[in-house]
Amino acid sequence: MTLIAASSGPVDRALRERASVALPAGAYGHVTADLLWPEAPQFVSRAEGSRFWDADGKEYVDLMCSWGPILLGHRHPVVEEAVQRQHRRVDCGNGPGAIMVDLAERLVDVVDHADWAMFAKNGSDATTLCLTLARAHTGRSTILVAEGAYHGALPWCNPNQLGVVAGDRAHLAYYRYNDLDSVVDAARANAGDLSGIIVSPFRHDAGFDQELPDPVFAQGLRDLCDRTGALLILDDVRCGLRIAYGSSWEPLGVAPDLSAWSKGIANGYALAAVLGSEHVRSAARSIFATGSFWFSADAMAASLATLDVLERDDGVAVMHRWGRRLWDGIEHHARQRGVAVNLTGHVALPYVTFPGDLDHALGEVFAAVCAREGVYVHPRHNWFVSTALTDEDLDIALAAMGRGLEAVAAAGRHG
Ligand SMILES: Cc1ncc(COP(=O)(O)O)c(C=O)c1O
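A brief report on the enclosed structure follows. Remember, predicted model here, so these are calculated numbers, not experimental data.

On to the side chain of T142. With respect to the helices, strands and loops of the structure, T142 is situated in strand β5 (residues 142–146). Among all residues touching T142, those that are not within four sequence positions of it are H171, A173, N190, D193, L194, S195 and G196.

Take the site of the ligand next. Taken together, the neighbourhood of the ligand is formed by N122, G123, S124, Y150, H151, G152, H204, D235, V237, R238 and K263. Interatomic distance of 3.2 Å between a side-chain N/O atom of N122 and an oxygen atom of the ligand. A distance of 3.1 Å is found between an oxygen atom of the ligand and a side-chain nitrogen or oxygen belonging to K263. In isolation the ligand has 390 Å² of accessible area, and contact with the protein removes 86% of it. Taken together, the residues of the shell around the ligand sort by class into two nonpolar, six polar and three charged.

Counting 108 residues, the largest nonpolar core has F119, L326, F366, W383 and M401 as its most contacted members. Counting residues per element, this core draws most heavily on helix α8 (residues 297–313), which supplies 10 residues. A134, C157, L172 and L231 belong to the second largest nonpolar core, which has 27 residues in total.

A word on the sheet that holds strand β1 (residues 44–48). Taken in spatial order, the four strands of this open sheet run β1-β2-β3-β13, and their pairing is mixed. Edge strands, defined here as strands with exactly one partner in the open sheet, are β1 and β13 (375–376). Where strand β2 (residues 51–54) lies against strand β3 (residues 59–62), three bridges are found, and the strand directions are antiparallel. Residue F52 lies in a different strand from β3, and its bridge partner there is Y60.

In this structure the tally under the stated criterion is eight aromatic pairs. Ring centres of W37 and Y376 lie 5.7 Å apart, and the angle between their planes is 40°; this geometry places the pair in the tilted category. With W37 in the loop between α1 (10–22) and β1 and Y376 in strand β13, this residue pair connects regions lying 339 residues apart in the sequence. In this structure W37 comes out as buried when scored by relative accessible area, which is 4%. Accessibility expressed as a relative area gives 11% for Y376, which makes it buried. Geometrically, the ring pair formed by Y175 and F217 is tilted, given 6.3 Å between the ring centres and 40° between the ring planes. Residue Y175 is found in strand β6 (residues 172–175), and its partner F217 is found in helix α6 (residues 215–228); the two are separated by 42 residues along the sequence.

The rules we used
Position numbers for residues start from 1 in each chain and track the written sequence from start to end. Per-residue local features of the predicted model are confined to residues with pLDDT of at least 70, and side-chain atom pairs are confined, for both listing and counting, to 80 or more; whole-chain, interface and lining totals are unaffected and use all residues. Calculated side-chain values reflect all of the structure's heavy atoms, with hydrogen atoms and water omitted. For helices the rule is a DSSP run of H or I covering at least 4 residues; for strands it is a run of E covering at least 2, with both sets numbered from the N terminus onward. The contact rule is simple, with two residues in contact once any of their heavy atoms fall within 4.5 Å. One heavy atom suffices: a residue is near a molecule or strand as soon as one of its heavy atoms comes within 4 Å of it. Between N or O atoms, a polar contact is any pair within 3.5 Å; within protein, one atom must be a potential hydrogen donor and the other a potential acceptor, and residues adjacent in sequence are included only when both atoms are from side chains. Computed with a 1.4 Å probe, the accessible areas rest on the Shrake-Rupley method; for each residue, only the protein chains presented here act as cover. Here the nonpolar group is Ala, Val, Leu, Ile, Met, Phe, Trp, Tyr, Cys and Pro; Asp, Glu, Lys and Arg are the charged ones; every other residue, Gly included, is treated as polar. Nine residue types can take part in a nonpolar core, namely buried Ala, Val, Leu, Ile, Met, Phe, Trp, Tyr and Cys, and a core is a set of them joined through side-chain atoms within 4.5 Å. Exposed residues in this analysis have more than 50% of their type's maximum accessible area, buried residues have under 20%, and partly exposed residues fall in between, with area computed by a 1.4 Å probe over protein chains only. Pairs of strands are assigned from DSSP output, requiring at least two bridges between the strands. In this scheme Phe, Tyr and Trp rings, the latter by its six-membered ring, pair at centre separations within 6.5 Å, and the angle between planes marks the pair as stacked below 30 degrees, edge-to-face above 60, and tilted otherwise.

Dropping the structure here:
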């Protein structure tokens with residue numbers, strides 16, 4: 001197989017070298033060098049709108065959106081102005097600002113199932129709070145989790161077992177996404193102790209083709225929770241405000257009891273939210289939940305401004321239009337070149353793999369050519385579309401992807 005030589009720029013390489021000493025072994029987590037592919041930069045120097053620049057000054061059309069937080073494009077002027085206005089007053093105060101109440105009211109307005117909101121920072125904060133709330137509400141312990149789903153990097157949900165003890169995962173039981181029988185079986189095995197079911201809006205496990213939810217499965221979860229008194233928890237951290245202007249299962253007509261949000265809700269500022277229905281309010285009132293930075297006002301100002309712009313511009317529809325154009329364009333190029341591709345997921349969070357490419361070697365060839373041509377996509381994770389894309393971005397992206405597909409075809413022939 002023709003692999004493309006690794007060639008991030010000299011500044012990026014020098015930073016990796018220094019990071020390998022000053023950090024445990026370079027950067028870690030989802031931005032670790034081990035997860036990169038040939039030609040991919042590790043370090044970023046600046047970003048604006050639909051573009052970002054790596055440490056060597058090379059410009060990219062951004063189709064990863066910082067792994068989800070960027071919804072309206074980097075440094076959106078309305079969001080930046082709102083943050084600066086708030087920052088001149090107070091960000092991290094002895095108590096929250098009025099803006100927390102404004103934002104809670106707004107989210108309750110925007111998201112159908114929500115009657116109250118509470119805030120935190122990371123998606124993991126929000127998903128973990130949802131589990132605590134379900135247990136506080138029901139007085140039971142077991143939470144059903146989809147096998148292979150990502151809900152954060154805390155011990156209960158970290159995909160890596162190192163440093164995790166069995167107790168961290170006690171009271172979790174697993175089901176298969178879109179397989180209602182497996183949920184019913186797991187619920188039956190934990191009858192009398194079922195506290196909640198956590199589920200993502202679609203199956204977006206890293207490295208696998210994505211799967212949209214079967215409406216019967218989604219409704220089945222709701223019915224099971226209604227029968228057992230368990231709470232339905234929708235992990236909208238990744239998809240929130242990209243699939244719908246509201247919870248991502250509103251288009252299916254399925255309302256969760258709790259939903260977890262982060263990433264895009266403040267267009268790049270650190271904010272997470274748990275939204276809950278009225279019957280969970282008393283549990284939410286009773287638990288102790290806090291963090292040093294959970295009440296920071298700047299991120300809340302960013303979130304309100306993000307919602308303003310999304311609403312004003314019908315931003316969700318804009319993302320869907322760009323996503324559809326991208327999706328159709330990739331299919332067109334693939335057909336023209338006779339390359340089989342699997343395009344899966346939602347148009348606003350699409351993902352490309354190649355049939356049989358289990359180790360993602362062809363995906364890396366594709367992503368490497370895209371990176372060389374100034375387009376940033378990931379071979380092992382779904383991509384993200386922002387409202388900031390332009391016709392020019394789409395032209396650049398699709399031209400790069402056409403060349404990426406040619407490289408995949410050539411690699412496949414010589415492999
Ligand atoms: C679906 C989902 N849930 C939870 C999380 C955890 O969010 P965070 O990394 O902000 O803790 C992520 C992060 O990628 C996610 O995609």
